[in-house]
Amino acid sequence: MMIFLSIYVTVVGLLFGSFFNVVGLRVPVGESVVHPPSRCGNCQTRLGAKDMVPVFSYLFSRGKCRHCGVKFSAVYPLFEAATGILFLWMFLRFGLTGAAAIGIVLSSLCVIVTVADLKYMLIPNKVLLFFAPILIVLRFVFMEQAWWHYGLGGLFGGGLILLIVLLTKGGMGMGDVKLFALCGLVLGIGPAVLAFILACAFGTIVGMILIGLKVVQRKQPIPFGPWLALGSCIAYLYGTQIISGYLSLIG
Ligand SMILES: [Zn+2]
C-alpha cells in the first residue's frame, strides 16, 4: 500500500510540476495558463500527449523537438522532477496527514515561485494570492503548536525581508517580503529563522560559484526567492530536528 501510494504521489507531483512550469512562465507576463496549448518555440508545432509526459518525453526525445530538432531547455524536466521528488518527500516524511498536505501545497508554491523568479526576477502576486488562503486555512486547521508560533513566524518572515528591502534598496523586492511572510506563517518562528539562514547560505554559496565560473557578474543581482523557497522546504521537512539537534549541541 505504501509503495503504491508513494508511486501515486510521485506521478501526481510530476504532472503538477509540468503544470507549474507553465504557471511560472506564463502568469508573470499575464498569459493564460490553459490557452494557447504548449507549442515548440521554434517550429510552432503543437505538442501532443506524447511530448508532454513529464521528464520521460524529454529523456526519450533526448531533449529535442521531435519535429524540427531544436533543443528544449533542461529546466522543464528539472522542475518536473523536483516537484515529484518534493511531493514524495513530504509524503514519506509525514504520511497521510495534514502536515503532508501543507508540505505539498508549500512545495507547489515554492516550485512556481522559483520558475517565475529565475525567469523574470519577480514573484507574481496572483500566485501568492492563490496560495495564501489555502496555506493559512490548512495551517490553522492542522496546528502542531500554539497559534502565536505561526503568527510570529509570519511577522518575522515579512518583517525581516522588508527591513532588508528598505536598507539595501535593490537585491530583494516586495515579492520576497510577501513570499517569506507566508512561508514564515506556515513554518512557525523557529523553522522560519532556520529557513532564512539556509536561504542566505545557499544564495551565498551558489552566488560565489556562479561568479567564480563567470556565469554572472559580481554586481548582477541574483534572485533570492528561489533560496527562500528552498530554505523553507528544508526547514519545513527537518526544521524541528535540526533546531533541537543544534540546541542539544550547544546546551
Ligand atoms: Zn520544433
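Residues numbered from 1 in each chain as written. Predicted model: local features only at pLDDT ≥ 70, side-chain atom pairs only at ≥ 80, totals over all residues. Heavy atoms only, no water.

Draft legend 1. Region of the structure containing the coordination of the zinc ion. The coordination sphere of the zinc ion, as far as protein atoms go, consists of Cys 40 (SG), Cys 43 (SG), Cys 65 (SG) and Cys 68 (SG), spread over 2.2 to 2.3 Å. Geometry at the zinc ion is tetrahedral, judged from its four donor atoms and the angles of 106 to 116° they form at the metal. Each donor residue of the zinc ion lies on the same chain, and together they follow the pattern C-x2-C-x21-C-x2-C. Here Cys 43 is found in the loop between helix H1 (2–26) and helix H2 (56–60), whereas its partner Cys 68 is found in the loop between H2 and helix H3 (75–94), with 25 residues between them in sequence. Residue Cys 68 is classed as partly exposed on the basis of its relative accessible area of 34%. (Donors = N, O, S within 2.8 Å, 3.2 Å for Na, K, Ca; no water. Tetrahedral: all angles 85-135°; square planar, octahedral: opposite > 155°, others 65-115°. Helix = DSSP H or I, 4+ residues; strand = E, 2+ residues; numbered from the N terminus. Buried < 20%, exposed > 50% of the residue type's maximum accessible area, 1.4 Å probe, protein only.)

Draft legend 2. Examining the nonpolar core more closely. Core analysis: the largest hydrophobic core is formed by 55 residues, its most contacted members being Leu 109, Leu 135, Ile 161, Leu 179, Leu 228 and Tyr 236. When contributions to this core are tallied by element, the ones reaching two or more residues are H1, H3, helix H4 (98–120), helix H5 (125–141), helix H6 (147–168), helix H7 (174–187), helix H8 (189–212) and helix H9 (225–250). At eleven residues, H4 tops the list of elements feeding residues into this core. Counting residues domain by domain, this core receives three or more from each of domain 1 (1–96) and domain 2 (122–251). Ignoring any residue separated from it by four or fewer positions in sequence, one finds Tyr 236 in contact with Met 90, Phe 94, Ala 99, Ile 102, Gly 103, Leu 106, Arg 139, Val 186 and Leu 187. (Core = buried A, V, L, I, M, F, W, Y, C linked by side-chain atoms within 4.5 Å. Domains from an automatic or database assignment. Contact = heavy atoms within 4.5 Å.)

Draft legend 3. Broad picture of a nonpolar patch on the surface. A cluster of nonpolar residues, Ile 136, Phe 140, Met 143, Trp 147, Trp 148, Leu 152 and Leu 155, forms a patch on the protein surface that exposes about 730 Å² of accessible area. Where the nonpolar patch is concerned, the elements lending two or more residues are H5 and H6. The element contributing the most residues to the nonpolar patch is H6, with four residues. Ile 136 sits in the partly exposed class, given a relative accessible area of 36%. (Patch = residues over 30% accessible without salt bridge, like charges linked within 9 Å, V, L, I, M, F, W, Y side chains within 5 Å. Areas by Shrake-Rupley, 256 points an atom, 1.4 Å probe, with all protein chains shown as cover. Salt bridge = Lys/Arg side-chain N within 4 Å of Asp/Glu carboxyl O.)

Draft legend 4. Structural context of the domain arrangement of the protein chain. Each assigned domain of the protein chain is listed with its residue range as follows: domain 1 (1–96) and domain 2 (122–251). Distance from the C-alpha centre of domain 1 to the C-alpha centre of domain 2: 25 Å. Between domain 1 and domain 2, the residue contacts involve eight residues of the former and nine residues of the latter. Carbon and sulfur atoms supply 77% of the area buried between domain 1 and domain 2, which totals about 810 Å² over both sides. Where domain 1 meets domain 2, there are zero salt bridges. Summed over the shared surface of domain 1 and domain 2, the number is three residue pairs in polar contact (both at pLDDT 80 or more). (Buried area = accessible area lost by both parts, 1.4 Å probe. Polar contact = N/O pair within 3.5 Å; in protein donor to acceptor, adjacent residues only side chain to side chain.)

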